[in-house]
Every structure is written in C-alpha cells, then in structure tokens.
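Tertiary structure, described
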Amino acid sequence: MKLVVGIIAAAGTVSAFTSRSKTTINRNHKNALYYSKTICTFDESDFAGKTGDWPYTDADLNRLDNSVDSIFYDAPRFVTHIDDAAIAALTAFYKDEFTALDKDKLDILDLCSSWISHLPEDVSYGNVVGVGMNAKELEANKQLTNHFVQDLNTNPDLSQFEDNSFDVICNVVSVDYLTKPLEIFQEMHRILRPGGVSLMTFSNRSSLQTTLKLHIQIQLFATKAVAMWLQADDIGRITIVASYYNYSADWESIEALDIKEKQPVPERPSTAEIMKNPSLGLAWMTAAGAVQKNNGGDPMFVVKGVK
C-alpha cells in the first residue's frame, strides 16, 4: 500500500485490519479523500491476518436491531439514500468501469438491490440480476432482467448462480448491513468471472442531517448497521470492506476510491472589482454557494475487488 489504517471497533476486536509491522495512519492523510479518486490499494501484508482467517466477533457484527430483516423491509421504500450529486458520481463511475472491461455485453449482479440500480443507460447489458429484500421494489426496477427476493443475512448462499456468471457485482450503500460478510464475499468471488470486478459503494449518511425527517430515516437504518461500522470513521469503514475482501478469497487486487467530484471554489472578486461592478459579487456568491452545496453533500466511496 499505499495507506495503512487502524480503527476502533466493537468490544473484543483486535487489530484485525492492520499489519502489526506498520503504524496507524496519520489523520492528515484524510486529505486524500478529497483530492484523489484512488485513495489507496491493499494487499495481504496490510492486514494482521491472511486469506482464510476471520478476525471478527459476534459483537463486531451485532446490530441495535437484530429482528428479522424481512419484517423491517416488508414495506417498499421508493426513495434514494444518497443525494443527486452522489448518484451522478456513481453512475459516471460505473460508466468508466464498465467501459474499461471492454465487453460486448455485461452481465451484472446488483446485491441488496432496490427499485433503482444507478446503472448508466448507454451500456450494452446481458443479464442484470437483482437480489434484494422487497419484491415490489425489485419489480419496479426497470434495469433488471431478473430478480430474487432473498435475505442475505439469513441465507448468504448464492447457489442459484453458477461459477463465473457475472462480469460485475454491485452493492450500493448496503455493505454496512451485512451480518455474514465472509460468506457473501466468498460467494461473490465464486460467481465473478476472472477479471470481473466487485464494486462496494457507500456513503456516511449516519452523520447529522439538515432535516429532522431525514435524520429519523437515517437513524432507523442505522439500527440495522453492524456495530463496528457505526463506531468507525470513513477511513475505518474503507478498511473494514477491504478486509472483507482480504479474508474471504484470493482477490487479484483491492482498491479504495473516492468517486465524488470535488469542484474548486471560484476565486472571489476583489473589493475594487465588486465596487465597480456589484453584479460580480452576487455572481460569485451564487457560484460559491453551488460549489459548497456539491462539495458538502454525500461523499461516495468505493472499495473495488478484482478477481
């Protein structure tokens, strides 16, 4: 790497994510989250254990609400869980990744799927399969060619798919809800084709929101996130997902990215320029406000695994 990270997780967790021969990251490296799409890459030497180990305890993967997920997700929610700028960044990222695969048609599996998959329209697809919790949401997803209603936290087995079935596996803002990540990441590796990519994307919507309604919505979903996720910061969460790859199978590469486009703040006109032409001040305030809104919205991180 690269970049080495340690986090404080739930009780009972040891330094499972980071090689003991390396030091914990200086938090100034968080600046990387704002200036570069590639944050870091990982290999086995960056972790305390090797592929086949599993360092996490039941406490790490515990949740505030351990009730059956099928009850929680019984009612359809036709909402988006990230803002428009984050959605646009995700779709543009998908377009770049899909183009780089250079395939006539792409077979895609959307894990924890819903009524929208954020896939770019101008791509040739073969099978686009969704696995999710709510039948009505999946039926409303026009990008899917097929779907399965399946609670991955009670049944992480993806045996309905043969080995080497997909070019891409996506998971959008749901990796934090997985209580059986080892089994799921092993299955992902099995059903991906050689050279295929797994794209686990997430934000940090558990932070303070601007409206009470949205804050309540996020808190409800937070009750379904695993304990160590809620206790980690952005870099810690990146490392958690990277560790899922590392411990589950022999992935060719693991890379963390920040895909949200950050716009530069426009230069403020001088006082003399504003005095001469007051409209310059208003124009600058409008432009700066738009940039601040974009840059201050939902971040979008991806941890990418290549088989």
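Scroll up a little and you will see the structure.
First, a word on what this report is: a plain description of the structure on this page. Treat the numbers as computed from the prediction; the structure is a model and nothing was measured.

This part covers the overall build of the protein chain. In terms of helices and strands, the protein chain carries ten helices and eight strands. Out of the 307 residues belonging to the protein chain, those deemed buried represent 49%. For the protein chain, long-range pairs separated by at least 24 residues make up 77% of all intrachain contacts whose partners lie at least 6 apart in sequence. When the accessible surface of the protein chain is split by element, carbon and sulfur atoms take 54% of a total near 14900 Å².

This brings us to the pattern of salt bridges. This model, assessed by the stated rule, comprises eleven salt bridges. Between Arg190 and Glu187 there is a salt bridge, with the nearest N and O atoms lying 2.8 Å from each other. One end of the pair is Arg190 and the other is Glu187, both in helix H5 (residues 181–191) and three residues apart, which spans about a single turn. Put simply, Arg63, Asp65, Asp69 and Lys224 are held in one network by salt bridges that share partners.

Structurally, Asp167 is set in strand S5 (residues 166–172). With 25 residues separating them along the chain, Asp167 and Leu192 place their C-alpha atoms 6.0 Å apart.

Inspection of every chain in the model, using the stated rule, returns 15 aromatic pairs. Note on Phe47 and Tyr247: the rings are 6.0 Å apart at their centroids and 65 degrees apart in plane angle, and the pair reads as edge-to-face. Remark: Tyr247 occurs in helix H8 (residues 234–248) and Phe47 occurs in the loop between strand S1 (38–42) and helix H2 (69–72); sequence separation between them is 200 residues. On the basis of relative accessibility, which here comes to 1%, the residue Tyr247 falls in the buried class. Both rings, one in Tyr245 and one in Trp251, keep their centres 4.9 Å apart while their planes meet at 85 degrees; by these two values the pair is edge-to-face. Judged by relative accessible area, Trp251 falls into the buried class, the value being 7%. One aromatic cluster in this structure is built from Phe42, Phe47, Trp54, Tyr56, Phe185, Tyr244, Tyr245, Tyr247 and Trp251.

Moving on: the nonpolar core. In terms of nonpolar packing, the biggest core is built from 41 residues, with Leu109, Leu111, Val175, Phe185 and Val241 touching the most fellow members. Broken down by element, this core gets its largest block of residues, seven residues, from H8. Residue contacts for Val241: discarding those within four places in its chain leaves Val175, Phe185, Met200, Phe202, Trp229 and Val303. In terms of nonpolar packing, the next biggest core, distinct from the first, is built from 26 residues, Leu90, Tyr125, Val172 and Val197 among them.

Here eight strands make up an open sheet; going across it, the order is S1-S7-S8-S6-S5-S2-S3-S4 and the pairing mixed. In this open sheet, the two strands that pair with only one neighbour each are S1 and strand S4 (146–149). Strand-to-strand, the axes of this sheet are offset by a mean angle of 15 degrees, without reference to chain direction. Two elements, S1 and strand S7 (residues 253–258), share four bridges in a ladder whose sense is antiparallel. If you follow Cys40 over to S7, its bridge partner there is Ala256. Lying on the sheet, H5 is in contact with strand S2 (106–113), S5 and strand S6 (192–202); it crosses S6 at an angle near 140 degrees. Of the strands in this sheet, S1, S6, S7 and strand S8 (301–306) touch H8, which is tilted by about 15 degrees from S8.

Right, let's get into the pairing of S5. The buried fraction of S5 amounts to seven of the seven residues, a majority that puts the element mostly inside the structure. Where S2 and S5 come together, four bridges link them in parallel fashion. Its bridge partner lying in S5, Ile108 is registered against Val168. Bridge count for S5 against S6 is six bridges, and the pairing is parallel. Counted as the bridge partner of Val172 is Thr201 from S6. Since S5 and S6 lie parallel, the crossover through H5 that links them has a hand, and here it is right-handed.

Inspection of the secondary structure assignment puts Ala242 in helix H8. Note on Ala242: relative accessible area 0%, which makes it buried. As a C-alpha pair, Ala242 and Asp46 span 196 residues in sequence and 10.0 Å in three-dimensional space. The contact partners of Ala242, leaving out residues within four places of it in the chain, are Phe42, Phe47, Ile254 and Val303.

Further remarks concern the packing of H5 against H8. If you want to describe how two helices pack, look at the angle between their axes and the distance between the axes. Two elements in contact, H5 and H8, have axes separated by 9 Å at closest approach and are oriented at 65 degrees. In terms of axis orientation, H5 runs roughly perpendicular to H8. The chirality of how H5 crosses H8 is right-handed. Counting all contacts with H5, which are made through Pro181, Leu182, Phe185 and Gln186, the residues of H8 involved are Val241, Tyr244, Tyr245, Tyr247 and Ser248.

Procedures and definitions
- All residue numbers refer to positions counted from 1 along the written sequence of the respective chain.
- This being a predicted model, a pLDDT of at least 70 is required before a residue's local features are given, and a value of 80 or more before pairs of side-chain atoms are given or counted; all residues contribute to the totals for chains, interfaces and linings.
- With hydrogens and water stripped out, all remaining heavy atoms of the structure feed into the side-chain values.
- Here a strand is any run of E in DSSP of at least two residues, a helix any run of H or I of at least four, and the numbering for each starts at the N terminus.
- Summary of the burial criterion: residues with accessible area below 20% of their type's maximum are buried, those above 50% are exposed, and those between are partly exposed, where the area comes from a 1.4 Å probe applied to protein chains only.
- By definition, residues are in contact when any of their heavy atoms lie within 4.5 Å.
- The Shrake-Rupley method, run with a 1.4 Å probe, gives the accessible areas here. Residue values count only the displayed protein chains as cover.
- Here, a salt bridge means any Lys or Arg side-chain nitrogen found within 4 Å of an Asp or Glu carboxyl oxygen.
- Ring pairs shown here join Phe, Tyr and Trp side chains whose ring centres sit within 6.5 Å, with only the six-membered ring taken for Trp; geometry is labelled stacked below 30 degrees between planes, edge-to-face above 60, and tilted in between.
- The set of buried Ala, Val, Leu, Ile, Met, Phe, Trp, Tyr and Cys residues whose side-chain atoms join them within 4.5 Å is what this entry labels a nonpolar core.
- Two strands are said to pair when DSSP picks up at least two bridges between them.
- Angles here are taken between N-to-C directions and fall from 0 to 180 degrees, while the axes themselves are lines fitted to C-alpha atoms, restricted in helices to the stretch in contact.
- For the handedness criterion, the strands are oriented away from the viewer, and a crossover whose path from the first strand over the helix to the second runs clockwise is classed as right-handed.
- Every angle not falling under 35 degrees, over 145, or within 65 to 115 is termed oblique; those three ranges are roughly parallel, roughly antiparallel and roughly perpendicular.
- Crossing handedness follows the turn of the near helix against the far one: under a right angle anticlockwise gives a left-handed crossing, and clockwise gives a right-handed one.

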